[in-house]
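# Coordinate analysis (summary)
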Amino acid sequence: METSRVKPGLNGVEGQKEATQAAGKPLGLVGEALRAFALALTLVAAVVMGLDKQTTTVPFQVVPTLPPLQVAVTAKWSHSSAFKYFVVANALVCIYSALSLLASLLTSARKKNLSLAVPIAIGDLIMVAVLFSTIGASMDFGLLGMHGNSHLRWNKVCNVYGKFCEKAMVAVALSSIGALVFFGLVVLAIISLHKRSK
């Protein structure tokens, strides 16, 4: 009877497991870094939009024969349902990012990545959808503020509330980068799950 000459770890099962773990480590580190970056982006986007407020004096004509009254009018993020949705959605995505980063760090320390890989990937995909929906709503409202709507006779307001509009654009840009980071996390999860399935 001949004994097997296969070295330990090269029998096709253990070697494949070790190769999968070694290949998964760089993806795990990149994923954790991207997750931390997304957390920071969505947090800053929510804070910038949540603190967005500008008060300016607007001339208001009551009677054509009298000079216009100077009225102080405030533009605030809470005056728009699109911006409210933006702040709440980015705050929720930020909380999800923190929880998923914690789960990712704990599972990678215990080397049990597969148990949470699929739920986290599904969560990341949902966050992509949430972020892009709130970005679309906020950009629509922002474009209306920048250009107005001549058909409905809505005047543009960004020429009056310039700082307010600029801060809103910065918040939307940060959230857009956060959405792209989450999209990258989804792609990484697909690559990682594909490697494990081989």
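Because the structure is predicted, anything quoted here is derived from the model rather than measured.

## Observations regarding the pattern of salt bridges
Charged atoms that come close allow side chains of opposite charge to pair. Per the stated rule, a full pass over the model turns up 1 salt bridge. Put simply, D124 and R35 hold a salt bridge, and the shortest N to O gap is 2.9 Å. Here D124, found in helix 3 (residues 114-147), pairs with R35, found in helix 1 (residues 14-50); they are 89 residues apart in sequence, far enough to count as distant. The exposure class assigned to D124 is buried, which follows from its relative accessible area of 1%. On the accessibility criterion, R35 (5% relative accessible area) is buried.

## Observations regarding the environment of L92
If you trace the backbone, L92 turns up in helix 2 (residues 81-110). For L92, a relative accessible area of 54% corresponds to the exposed category. Placed 46 residues apart in sequence, L92 and A46 show a C-alpha to C-alpha distance of 9.5 Å.

## With respect to the state of the cysteines
Enumeration over the complete set of coordinates arrives at 1 disulfide. One disulfide in the model links C158 with C165; its S-S distance is 2.0 Å. With the S-S bond torsion at -90°, the cross-link from C158 to C165 turns out left-handed. Of the two residues, C158 and C165, both sit in the buried class.

## Looking at the environment of C165
Summarising the element assignment, C165 is placed in helix 4 (residues 162-197). With relative accessibility at 11%, the residue C165 sits in the buried group. Separated by 22 residues in the primary sequence, C165 and L143 place their C-alpha atoms 9.7 Å from one another.

## Re the side chain of D52
Position of D52 among the secondary structure elements: in the loop between helix 1 and strand 1 (53-60). Look at D52: it is buried, it has no salt bridge, and the nearest opposite charge is K167 at 5.0 Å. Once residues lying within four places of it in the same chain are set aside, the contact partners of D52 are A75, K76, W77, K163, F164, K167 and A168.

## Side note on the environment of V88
Checked against the element boundaries, V88 lands in helix 2. Counting along the chain gives 46 residues from V88 to T134, while the straight-line C-alpha distance between them is 9.5 Å.

## Some remarks on the layout of surface pockets
Put simply, the second largest pocket is a space of about 460 Å³. Going through the elements one at a time, strand 2 (69-76), helix 3 and helix 4 are the ones with two or more residues in the lining of the second largest pocket. Sorting elements by how many residues they give to the lining of the second largest pocket places helix 3 first, with 8 residues. Within the lining of the second largest pocket, the residues separate by chemical class into 16 nonpolar, 6 polar and 1 charged.

## Some details on the nonpolar core
Core analysis: the biggest nonpolar cluster contains 28 residues, and M49, F83, F86, F164 and F182 have the highest contact counts within it. Elements with a contribution of two residues or more to this core: helix 1, helix 2, helix 3 and helix 4. The biggest single contributor to this core is helix 4, with 10 residues. Among residues more than four places away in sequence, those in contact with M49 are W77, F83, F86, V87, A168, A171 and V172.

## Things to note about the UniProt feature "transmembrane region" (unreviewed entry) in the chain
When the UniProt feature table is mapped to this numbering, "transmembrane region" (unreviewed entry) covers residues 33-51, 85-107, 114-137 and 169-193. Secondary structure across residues 33-51 divides into 95% helix and 0% strand, with the first and last C-alpha atoms of the span separated by 27 Å. Regarding residues 85-107, the helix share stands at 100% and the strand share at 0%, and the terminal C-alpha atoms are separated by 32 Å.

Here is what the cut-offs are and how they apply
- Residues numbered from 1 in each chain as written.
- Predicted model: local features only at pLDDT ≥ 70, side-chain atom pairs only at ≥ 80, totals over all residues.
- Heavy atoms only, no water.
- Salt bridge = Lys/Arg side-chain N within 4 Å of Asp/Glu carboxyl O.
- Helix = DSSP H or I, 4+ residues; strand = E, 2+ residues; numbered from the N terminus.
- Buried < 20%, exposed > 50% of the residue type's maximum accessible area, 1.4 Å probe, protein only.
- Disulfide = S-S within 2.5 Å.
- Lys, Arg positive; Asp, Glu negative; His and termini not counted.
- Contact = heavy atoms within 4.5 Å.
- 1 Å grid on protein atoms, 1.4 Å probe; cavity = no way out; pocket = protein on both sides within 12 Å on 5 of 7 lines; lining within 4 Å.
- Points joined across faces, edges and corners; volume = space filled by probe spheres on them.
- Nonpolar A, V, L, I, M, F, W, Y, C, P; charged D, E, K, R; others polar.
- Core = buried A, V, L, I, M, F, W, Y, C linked by side-chain atoms within 4.5 Å.
- UniProt positions renumbered as here; feature names shortened; annotations may be inferred.

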